[in-house]
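Structural characterization, general
Here are the chains, one letter per residue:
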Number of protein chains: 4
Amino acid sequence: MAGSSYGRIFQITTWGESHGKALGVVIDGCPAGLFLCEDDIQLFLDRRKPGKTHISTPRKEEDKVEILSGIFDGKTTGTPISLIIHNTSQRSSDYSEIANYYRPGHADYTFEQKYGFRDYRGGGRSSARETIGRVAAGAIASKLLSSLGIHLTAYTRSIGPVAIDENAFEAAAILETATCMPDRAASERAEAYLAGCMKDYDSAGGVIECKIDGCPAGIGEPVFDKLDAALAKAVMSIGAVKAVEIGDGIQVSTRRGSSNNDAFIIKDGKVAKETNHAGGILGGISDGSAIILRAHVKPTPSIFQKQHTVNRQGEEIEIAIKGRHDPVVVPRAVVVVESMVAITLLDAMLTNMGARVENLAKIYGK
Amino acid sequence: MAGSSYGRIFQITTWGESHGKALGVVIDGCPAGLFLCEDDIQLFLDRRKPGKTHISTPRKEEDKVEILSGIFDGKTTGTPISLIIHNTSQRSSDYSEIANYYRPGHADYTFEQKYGFRDYRGGGRSSARETIGRVAAGAIASKLLSSLGIHLTAYTRSIGPVAIDENAFEAAAILETATCMPDRAASERAEAYLAGCMKDYDSAGGVIECKIDGCPAGIGEPVFDKLDAALAKAVMSIGAVKAVEIGDGIQVSTRRGSSNNDAFIIKDGKVAKETNHAGGILGGISDGSAIILRAHVKPTPSIFQKQHTVNRQGEEIEIAIKGRHDPVVVPRAVVVVESMVAITLLDAMLTNMGARVENLAKIYGK
Amino acid sequence: MAGSSYGRIFQITTWGESHGKALGVVIDGCPAGLFLCEDDIQLFLDRRKPGKTHISTPRKEEDKVEILSGIFDGKTTGTPISLIIHNTSQRSSDYSEIANYYRPGHADYTFEQKYGFRDYRGGGRSSARETIGRVAAGAIASKLLSSLGIHLTAYTRSIGPVAIDENAFEAAAILETATCMPDRAASERAEAYLAGCMKDYDSAGGVIECKIDGCPAGIGEPVFDKLDAALAKAVMSIGAVKAVEIGDGIQVSTRRGSSNNDAFIIKDGKVAKETNHAGGILGGISDGSAIILRAHVKPTPSIFQKQHTVNRQGEEIEIAIKGRHDPVVVPRAVVVVESMVAITLLDAMLTNMGARVENLAKIYGK
Amino acid sequence: MAGSSYGRIFQITTWGESHGKALGVVIDGCPAGLFLCEDDIQLFLDRRKPGKTHISTPRKEEDKVEILSGIFDGKTTGTPISLIIHNTSQRSSDYSEIANYYRPGHADYTFEQKYGFRDYRGGGRSSARETIGRVAAGAIASKLLSSLGIHLTAYTRSIGPVAIDENAFEAAAILETATCMPDRAASERAEAYLAGCMKDYDSAGGVIECKIDGCPAGIGEPVFDKLDAALAKAVMSIGAVKAVEIGDGIQVSTRRGSSNNDAFIIKDGKVAKETNHAGGILGGISDGSAIILRAHVKPTPSIFQKQHTVNRQGEEIEIAIKGRHDPVVVPRAVVVVESMVAITLLDAMLTNMGARVENLAKIYGK
């Protein structure tokens, strides 16, 4: 089925396996006239690269993007933008053993149940390398949104028990800390926690937060394609995510209406909200406040401890996974969340363009 | 935009406003040959009806469903099933006042920003009455799933601070308690809590849980259309939902891999999992365990306390909402969650039918 | 499957069978702010009504439309417009006999092969009454296009061997002649021809032409969603259509390039074409000239002559179809073609709104 | 917009321009377990290659396909199959002149109107090289259909005034004649006709026919997604096609019902049709007979005669197109038609798998 395509107007299609020749993405429906070069995209890809510090895998993933189509005279032409990233450091020899059993927490068993067999090399299509295409497309969506005054910021909110202090929020730290936390002190504590996990042959989870500033009110469709519903799907479709919150999220279930409602006010002559418990979305449509969401990410399932599982012959066995695995996927997933949010919002904005008859006149009026 | 349609093969389209002549849903792509009558659907609609107890609105909503097409000789024909529910008790006169201001926590402002104006009668399309179509369609999906041995159970997990005790779980209580809790003692405490809210002119939120038993392994698409991603969208698209969890959900972010991974085992000669932290989905594909999700529902935004807001003239004003409003939407939303989950799973199963070449031979083989 | 929905942004879903309680259509994605009332739609429905003359069935089909949702203060709200047309004159008793055999030229056999059984009353979902929903939606699309200066004209070009004389083209005649021909003399000859068919217990086919004036250049998507491809699908999806031509259509296959190419010229200071063999579409995108297409319609399969066929027991039998059937469907299908073209064009225009980055700034610019 | 994707379950996305680095296609939703190698695809690509004879362009287009993903152990894995074909012989220097004017019969003007500018090198995305991706995907669809006993045959039916003699039909000739005609004598006459066109600096059109044998009855969706409607779109979306006929096509408009209806008979113990005017489709659903369609292809718009046109400065000018252009595109488009038909049919079959409740039990039954 078409599970590798996403979006209605700004539509992306990703392809590629962990150990195939290459991975890539085709972006169809990108508006024409956006200045775009490989560096714009590489910037985003570099943010998901491992190896920045001791807490990520020592694998050397070059992940250099090449634009194959859709750009002319330095600008998007409106036709499909095909991007390819060649796999350079994958060695299939590592994976002969796991071909025969199902790793706990991975998709080995479910892929086999669905398709009858699986590409077991590095997880095949279920590898986190699949997100490369998302990030490459997200770079383009972000650049276009940015040109409209819409800016996204994603960061690590917590790793294991270590959360950032919102009062210590420092945007510059996101790209500089090994954890992508906007709080250098918390980042250091998180690194210490991760060092402990590694010593125990274990792994950690965490929380990623994403904020959109500058989004106009009125974006999102009522009923099934609510903006928050679309964002929930976008973010939950990222490998290790197990929960998505919009605005105050899970806290609302224990609140009373009087403390959860955001009062409307007039600010700088415009309608605004006194608080933003709603996270910028009311009735599935953006309200002009910052849009805020959080993704809860599970600990890396590949751990070096001995684990119990089952092999393809239906026997229970003990295994010890080898190879190179991050003790936490959160820092590298930050840019993936940001990318999925950017793609989703841009698509919602393109879809919304015909919401009013007067908008058609603006584009087609004589 | 087509925000009122949902599903790829089992595709539903809902329509209707709170105070229009009627509401309804068209279900296209329901497999032919399912025995279906109005009672099958009415059973589900009655579960979302208000007025069962003192904690829900005294409005009398008849919500009688009528089948207009798609059934012949008592069976679905494979062509669109059109269902209509006439609005009988809506009086537009109640709503003259709110036409001019934006209710906090509601979609009044955002609808106006999107469309330029809004049907203010009872919230128009953004009313919770919109869910009638979802539930009517959910009844059909549930009946079909049930015939395949797949059973859904949704219930209230908590209201405000009052949560069920899992050890006291009693399935029969779901349909019998006013709160739809499967724990009669907790339900009584929750009712007492709600009585307090009402005395304070306030409202409460809560958590709904849904469990799917009997789902085969292998359902769901990798990458963007993961089963959990589809479920997240389905559930987040329900009005007051602000967070969605799959399996252990938000708890995974503070866990270590060693305690979050579910070991594979052999049980009754089949592959199974020792625990089910994953909530029945690995890599976006069902693993044969029970599928479990939770929706966090915000407190009803319509409260009778004085609130601050803005009117259409851009003035800040104080308002006091009148009318009939539930102090909590959770009990009535339980069947909505169950319906959206059923629709989503059935659609995923229909989409998955061509996952293997051998499946085509099973259907088309000579 | 979702075969009863059509369109990406302006999305319609039709439902209903020939002898069910009602037929209808849900239009989702209609831009907000269009003035619309039942009369706007009834005007179109009346054009497809039978009984105008002796050449159409004496059945009395009232086909009165009722708007159930999506309109407030006389304008479209942007939310789904649900339209219902009650069946008033259908009597199921007529159809007991055909339940057991397959009418030649009808979908009896194929529906049974697909779904396992069929609603045999009047053809069920495969009846031409299915087009009621298309026409109701087409009325809305046409009104919106008209407000943008885009006007559609569909008419009968030929019936059997009788074709119009283009030099005698008189637009007013389309709505006044029994054949919907824009040539009164040809219409009389066609009526005489049809009288002959009826005397012979036989039926006739014909050709419908549709012209779009005022369509801006630049509409349509390259590759698979070319405007001509979309129009071909739209028109071929109408029951009896067996061929679709764009511009000069089948004539191009015997032409040379030198006589088929349309030279670009400057006319009134604008780029135009000296001729219009292409029918207003180049590379799948509108070129600013009139868009022209033709549909070839087969003769009504229900004829009163004795015919050979097979029954459900697998026996060859002779049958004589009874009932009320038009000797030609062409005149009533004219407005169906016009409707499908209007819906398709409007959807293409809505989809195209984000083709350029500068268009986003026009809608979302600060 | 997403105009470069096609299909609901078997979904293809093509990309690439005439003079870009490469062209390609991503096929998502191909069932798992199909044996597939590059040779399977190359076989189809070679059929659309130029240079087989004097009647096609002397350009040397290697068009070697490379599989980048989706295959493991020689079989499709169910995940996206990414195919790339590098451009090797394109020289952009040839196209400096046409950057400034609009070639008659080409999409230069319309692309510029849609997107604001265009990639003028060899027509960019509107080049016939765009069909490479379609053919590569068509090879896969054909192989899968073939494994189900469904076989497609496409061929040239006529070029200019020269048509094949059906009595001289010889399937082997299709791949052996320069014209792809299944009639060697007609092919020679067509070649002579084309030689004349070339001498006159002119070009020719023609007709392509495609036949599907072995398609089971019951495929196709009623109403908008009729099988013939889907095929019409598929074929009309190919560059130069201006008309599509199903079965007897345009001839039906002058026929009477008595001679157009196909009588049902019993043949070899099964329901069959005595004749096949319908072309294997009734009510939009396959009837078990051979499916037959025809595409009318316009003459190559690039001719070497002097032509009148307009430049980007809005001046009328005379031009003479240079370069390498086929005098007829029909022979090379034969495999494109066959590919689009194969893709469309396979997608319809995958979509139809859930048409009956009993089919779900066949796949998911316990």
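**Topic: the interface of chain A and chain B**
Between chain A and chain B, the contact holds 101 residues from the first and 101 residues from the second. With both chains or domains summed, chain A and chain B bury close to 8400 Å², and 60% of this area falls on carbon and sulfur atoms. Along the contact surface separating chain A from chain B lie 6 salt bridges. Among the ionic pairs, A:Arg256 bridges to B:Asp200, the shortest N-O distance being 2.6 Å. At the boundary of chain A with chain B, the tally comes to 45 residue pairs in polar contact (both at pLDDT 80 or more). Element by element, the count of residues in the side of chain A that touches chain B is highest for helix H2 (residues 108-115) of chain A, at 7 residues. In terms of residue class, the side of chain A that touches chain B is built from 42 nonpolar, 36 polar and 23 charged. Alignment of strand E11 (residues 241-246) of chain A against strand E11 (residues 241-246) of chain B, held across 3 bridges, turns out to be antiparallel. Paired with A:Ala243 across the bridge in E11(B) is B:Glu245.

**Re the interface of chain C and chain D**
Each side of the interface is counted separately: chain C has 101 residues, and chain D has 101 residues. Contact between chain C and chain D buries roughly 8500 Å² in total, counting both sides, with carbon and sulfur atoms accounting for 60%. Interface area lost by chain C to chain D is led by C:Lys114, C:Phe224 and C:Lys242, which between them contribute 11%. Put simply, chain C and chain D have 6 salt bridges between them.

**Some details on the sheet that holds strand E3 (residues 22-28) of chain D**
Residues and elements named next belong to chain D. A sheet is described by the order of its strands in space; here 5 strands give the open sequence E1-E2-E3-E7-E4, paired in antiparallel fashion. A single partner strand is all that each edge strand has here, and the edge strands are strand E1 (5-6) and strand E4 (65-67). Pairing of E4 with strand E7 (residues 81-86), which is carried by 3 bridges, proceeds in the antiparallel orientation. Residue pairing across strands places isoleucine 67 opposite leucine 83, the latter belonging to E7.

**Some thoughts on the relation of the copies chain C and chain D**
When chain C is fitted onto chain D, the two copies agree to an RMSD of 0.0 Å after a turn of 180 degrees and an axial shift of 0.0 Å. Here the symmetry operator amounts to a two-fold rotation axis. When C-alpha distances to the rotation axis are compared across chain C, the minimum falls at C:Lys233, with a value of 2.4 Å. Residue by residue, 100% of the interface of chain C is reproduced at the interface of chain D, so both copies engage with the same surface.

**Focus on the packing of aromatic side chains**
A full pass over the atoms with the stated rule returns 28 aromatic pairs over all chains. A cation over an aromatic ring shows up here: B:Lys75 above the ring of C:Phe117, its NZ or CZ 4.4 Å from the ring centre. Stacked on the ring of D:Phe44, the Lys or Arg D:Arg47 has its end atom at 5.2 Å from the ring centre.

**Looking at the confidence of the model for chain A**
Across chain A, the average pLDDT comes to 94, with 95% of residues at 70 or higher. Confidence metrics for the complex model read pTM 0.97 and ipTM 0.97.

**Focus on unusual backbone geometry**
Residue and element names in this part refer to chain D. In this model, tyrosine 201 sits at a positive phi of 55 degrees, which is unusual for a non-glycine residue. One non-glycine residue, valine 223, lies in positive phi territory at about 70 degrees. Considering the arrangement of structural elements, one finds valine 223 in the loop between strand E10 (206-213) and helix H6 (227-236). Classification of valine 223 as buried rests on a relative accessible area of 2%.

**A closer look at the relation of the copies chain A and chain B**
The two chain copies are connected by a rotation around an axis plus a translation along it. The two copies are related by a screw operation: chain A maps onto chain B through 180 degrees of rotation and 0.0 Å of translation along the axis, at an RMSD of 0.0 Å. Of all interface residues in chain A, 100% are interface residues in chain B too; the two copies therefore contact each other through one and the same surface.

**Notes on the environment of A:Thr131**
All names here are of chain A. Among the secondary structure elements, threonine 131 is positioned in helix H3 (residues 131-147). Sequence separation between threonine 131 and leucine 45 is 86 residues, and the spatial gap between their C-alpha atoms is 9.7 Å. Residues within four places of threonine 131 in sequence aside, it is in contact with Arg48 and Val336.

**Quick look at helix H8 (residues 330-351) of chain D**
Relative to the 32 Å expected for 22 residues at 1.5 Å per residue, H8(D) spans 31 Å between its end C-alpha atoms, a close match to the ideal helical length. Of all 22 residues making up H8(D), 22 are buried, and the element is well covered by its neighbours.

**Observations concerning helix H3 (residues 131-147) of chain B**
Residue and element names in this part refer to chain B. For H3, built from 17 residues, the straight-helix expectation of 24 Å at 1.5 Å per residue is met to within 8% by its first-to-last C-alpha distance of 24 Å. The buried fraction of H3 amounts to 14 of the 17 residues, a majority that puts the element mostly inside the structure. Residue glycine 149 follows H3 closely and has a positive phi angle near 85 degrees.

**Here we look at the sheet that holds E11(A)**
Overall, antiparallel pairing links the 10 strands, which are arranged E9(A)-E8(A)-E10(A)-E16(A)-E11(A)-E11(B)-E16(B)-E10(B)-E8(B)-E9(B) in an open sheet. Taken across any chain shown, the strands that pair with only one partner, and hence form the sheet edges, are strand E9 (162-163) of chain A together with strand E9 (162-163) of chain B. Sheet analysis places E11(A) next to strand E16 (residues 291-297) of chain A, joined by 5 bridges and oriented antiparallel. Bridging from a neighbouring strand, A:Val244 pairs with A:Ala295 of E16(A). Of the strands in this sheet, E11 and E16 of chain A together with E11 of chain B are in contact with helix H6 (residues 227-236) of chain A, which crosses E11(A) at around 155 degrees. Together, strand E8 (151-159), strand E10 (206-213) and strand E16 (291-297) of chain B form the strand contacts of helix H8 (residues 330-351) of chain B, whose direction differs from that of E8(B) by roughly 145 degrees.

**As for the environment of B:Phe72**
By the element assignment, B:Phe72 lies in strand E5 (residues 71-72). Judged by relative accessible area, which is 7%, B:Phe72 ranks as buried. With 68 residues separating them in the primary sequence, B:Phe72 and B:Ser4 have C-alpha atoms 26 Å apart. Apart from the residues lying within four places of it in its own chain, the contact partners of B:Phe72 are B:Thr77, C:Phe117, C:Arg118, C:Asp119, C:Tyr120 and C:Arg121.

Parameters and conventions
Residues numbered from 1 in each chain as written. Chains lettered and ligands numbered in written order. Predicted model: local features only at pLDDT ≥ 70, side-chain atom pairs only at ≥ 80, totals over all residues. Heavy atoms only, no water. Contact = heavy atoms within 4.5 Å. Buried area = accessible area lost by both parts, 1.4 Å probe. Salt bridge = Lys/Arg side-chain N within 4 Å of Asp/Glu carboxyl O. Polar contact = N/O pair within 3.5 Å; in protein donor to acceptor, adjacent residues only side chain to side chain. Helix = DSSP H or I, 4+ residues; strand = E, 2+ residues; numbered from the N terminus. Nonpolar A, V, L, I, M, F, W, Y, C, P; charged D, E, K, R; others polar. Pairing = 2+ DSSP bridges. Least-squares fit on C-alpha atoms with pLDDT ≥ 70 in both. Phe/Tyr/Trp six-rings, centres within 6.5 Å; stacked < 30°, edge-to-face > 60°. Lys NZ or Arg CZ within 6 Å of the ring centre and 35° of its normal. pLDDT = per-residue confidence, 0-100. Buried < 20%, exposed > 50% of the residue type's maximum accessible area, 1.4 Å probe, protein only. Expected span 1.5 Å × (residues − 1). Axes fitted to C-alpha atoms, helices over the stretch in contact; angles between N-to-C directions.

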